[in-house]
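As a plain string of letters, each chain reads:
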Amino acid sequence: MASFNTIDDLDDAQRVLVRLDLNSPVEDGEVQDNRRFQRHAETVGELADEGHRVVLMAHQGRPGRDTFVSLEQHADILGSYLDHEVGFVDDTYGDDALDAIDALDAGEILLLENTRMCDDELPEEDPEVKADTEFVETLAPEFDAYINDAYSAAHRKHASLVGFPLVLPAFAGRVMETEYEANTAIASREFDGQVTMVVGGTKATDVIGVMETLGDKIDTFCLGGIASHLFLRAAGYESGYDRHEDLDLYDSQWEANEDVIRRLLEERRDQIELPVGLAYEDDNGERAEHTREELDAGSYDYMDISEKTVEKYDPTIRNSDAVFLKGALGVFEEEKFSAGTVGAVKAIAETDCFSVVGGGDTSRSIEMYGMDEDSFDHVSIAGGAYIRALTGADLPGVELLIDAAN
Ligand code: 3PG
């Protein structure tokens, strides 16, 4: 297996620029604590203990979404897992950021503002182009080394992920190491029996791409989340439409993927299990369900797969030799819409199969509903990157670390 340099290879007392992935669910403006903080704290704590000056970069949400917020709260949450305080500056590479970086002492930690608030961070471009941006050119001279711990964002060609490894000595953090090892092993593994993939979440475009690529490796796909609504729409049911003007979940992903969805439904229909119904909130605030024939996307927001769908997916999961789950099947954060996600995750936990649960937010359902992380072979904090690793695709952020080591 190809490898990279890790933080074990750092010289003493370095000024290190560390890319984390603290992208988290945000509810009513409040950033939700999750595994990513806990896992990244290991890398950050180790670097500070070693006496390095530690400057952290991360992103949150995407411009235009209500999860696109400042990282101020992230600093406090990360700090709660550390014996060190995590300072925060509401600037990424302007004068305020540079002053705060200069003021840092050995063993101190500073988190910079959301990288996606800088024009240079997005869109995705080649590393050489990103290395040439003002963002990278301004920050890089402040540091001796760049550390990428953001395995879960390593599929994105953004400045903070692919620009710096071209201009600074580059190393992998602890999360990068563990996730890379576990997820790469999956791509190369062979299984004797049935292989099932349970796909959900809000990033339908990602999972549809995976369904296309992995069609020969996966026997059955059980669909939930936004992808299932879009497939139901393609199959002629009333689902997968944006009902409110401020909702941008369905229509744009439908337009981007309609052809692929229709083709998959035609060519791989036997491999795809669709929901037989969906759940919504009735006028009394209670969970109610429609069969797929009853769906009415113009009048209801569907938040989970139906109980009958859970029953339908259950034996498929339990008869599998390997199960990969990516993304929640419904809005599990609300207990009344947790049946789909919890049903699938419990069935996986109770089955003697090789199991990987991925999807940045999805793994939160494990502790939220009293399950044990040890019931799974690997709980990945990555979403899109995890799923790309499953397909055997290279992750640009990882490739650059490997190149740097060579
Ligand atoms: C994630 O949460 O999966 C990563 O941080 C990538 O986020 P993105 O899909 O918004 O680029």
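In short, a report on the structure.

Definitions and cut-offs
- Residues numbered from 1 in each chain as written.
- Predicted model: local features only at pLDDT ≥ 70, side-chain atom pairs only at ≥ 80, totals over all residues.
- Heavy atoms only, no water.
- 1 Å grid on protein atoms, 1.4 Å probe; cavity = no way out; pocket = protein on both sides within 12 Å on 5 of 7 lines; lining within 4 Å.
- Points joined across faces, edges and corners; volume = space filled by probe spheres on them.
- Helix = DSSP H or I, 4+ residues; strand = E, 2+ residues; numbered from the N terminus.
- Nonpolar A, V, L, I, M, F, W, Y, C, P; charged D, E, K, R; others polar.
- Axes fitted to C-alpha atoms, helices over the stretch in contact; angles between N-to-C directions.
- Parallel < 35°, antiparallel > 145°, perpendicular 65-115°, else oblique.
- Contact = heavy atoms within 4.5 Å.
- Pairing = 2+ DSSP bridges.
- Buried < 20%, exposed > 50% of the residue type's maximum accessible area, 1.4 Å probe, protein only.
- Salt bridge = Lys/Arg side-chain N within 4 Å of Asp/Glu carboxyl O.

1. Considering empty space enclosed by the protein
- Under the definition given, this model contains 1 cavity of 30 Å³ or more.
- The volume enclosed by the largest cavity comes to roughly 40 Å³.
- Elements that contribute at least two residues to the lining of the largest cavity include exactly α11 (307-318) and α12 (339-349).
- Of the residues that constitute the lining of the largest cavity, the class distribution is 7 nonpolar, 2 polar and 1 charged.

2. Quick notes on the packing of helix α8 (residues 204-213) against helix α9 (residues 225-234)
- Axis separation between α8 and α9 bottoms out at 8 Å; the angle between their running directions is 70 degrees. Classified by the interaxial angle, the pair formed by α8 and α9 is roughly perpendicular. Listed contacts from α9 to Ala-204, Val-207, Ile-208 and Met-211 of α8 are Ile-226, Ala-227, Leu-230 and Phe-231.
- For the contact of α8 with α9, the per-class residue count stands at 8 nonpolar, no polar and no charged.

3. Quick word on the sheet that holds strand β8 (residues 170-172)
- An order of β5-β6-β4-β1-β7-β8 is seen for the 6 strands of this open sheet, with the pairing classed as parallel. If you trace the sheet from one side to the other, it starts and ends with β5 (86-88) and β8, each paired once. The mean angle between the axes of side-by-side strands here comes to 25 degrees, regardless of whether they run parallel or antiparallel.
- As defined by bridge partners, strand β1 (residues 15-19) adjoins strand β7 (residues 145-148) across 4 bridges and the pair is classed as parallel. By the bridge assignment for β7, Val-16 is matched with Ala-145.

4. Quick notes on the pairing of β7
- Residues Ala-145 and Ile-147 point to one face of β7 and Tyr-146 and Asn-148 to the other, with burial holding for every one of them.
- Sheet topology note: the β7/β8 ladder contains 3 bridges and is parallel. Note on β8: the bridge partner recorded for Asn-148 is Ala-172.

5. So, the pattern of salt bridges
- Enumeration over the complete set of coordinates arrives at 28 salt bridges.
- Of the charged contacts, one joins Arg-39 and Glu-179 as a salt bridge, the two residues approaching to 3.6 Å between their closest N and O atoms. With Arg-39 in helix α1 (residues 35-49) and Glu-179 in helix α7 (residues 174-188), this residue pair connects regions lying 140 residues apart in the sequence.
- Exposure remark for Glu-179: the relative accessible area of 2% places this residue in the buried category.
- For Arg-156, the salt bridge is made with Glu-124, and the minimal N-O distance between the two is 3.8 Å. Here Arg-156 is found in the loop between β7 and α6 (159-163), whereas its partner Glu-124 is found in the loop between β6 (109-111) and α4 (127-131), with 32 residues between them in sequence.
- With a relative accessible area of 13%, Arg-156 lands in the buried category.
- Using a relative accessible area of 39% as the deciding quantity, one classes Glu-124 as partly exposed.

6. Some remarks on the layout of surface pockets
- Counted as a void, the second largest pocket has a volume near 190 Å³.
- In terms of lining, the second largest pocket is formed by 13 residues, of which the most central are Arg-189, Phe-191, Val-195, Lys-217 and Phe-324.

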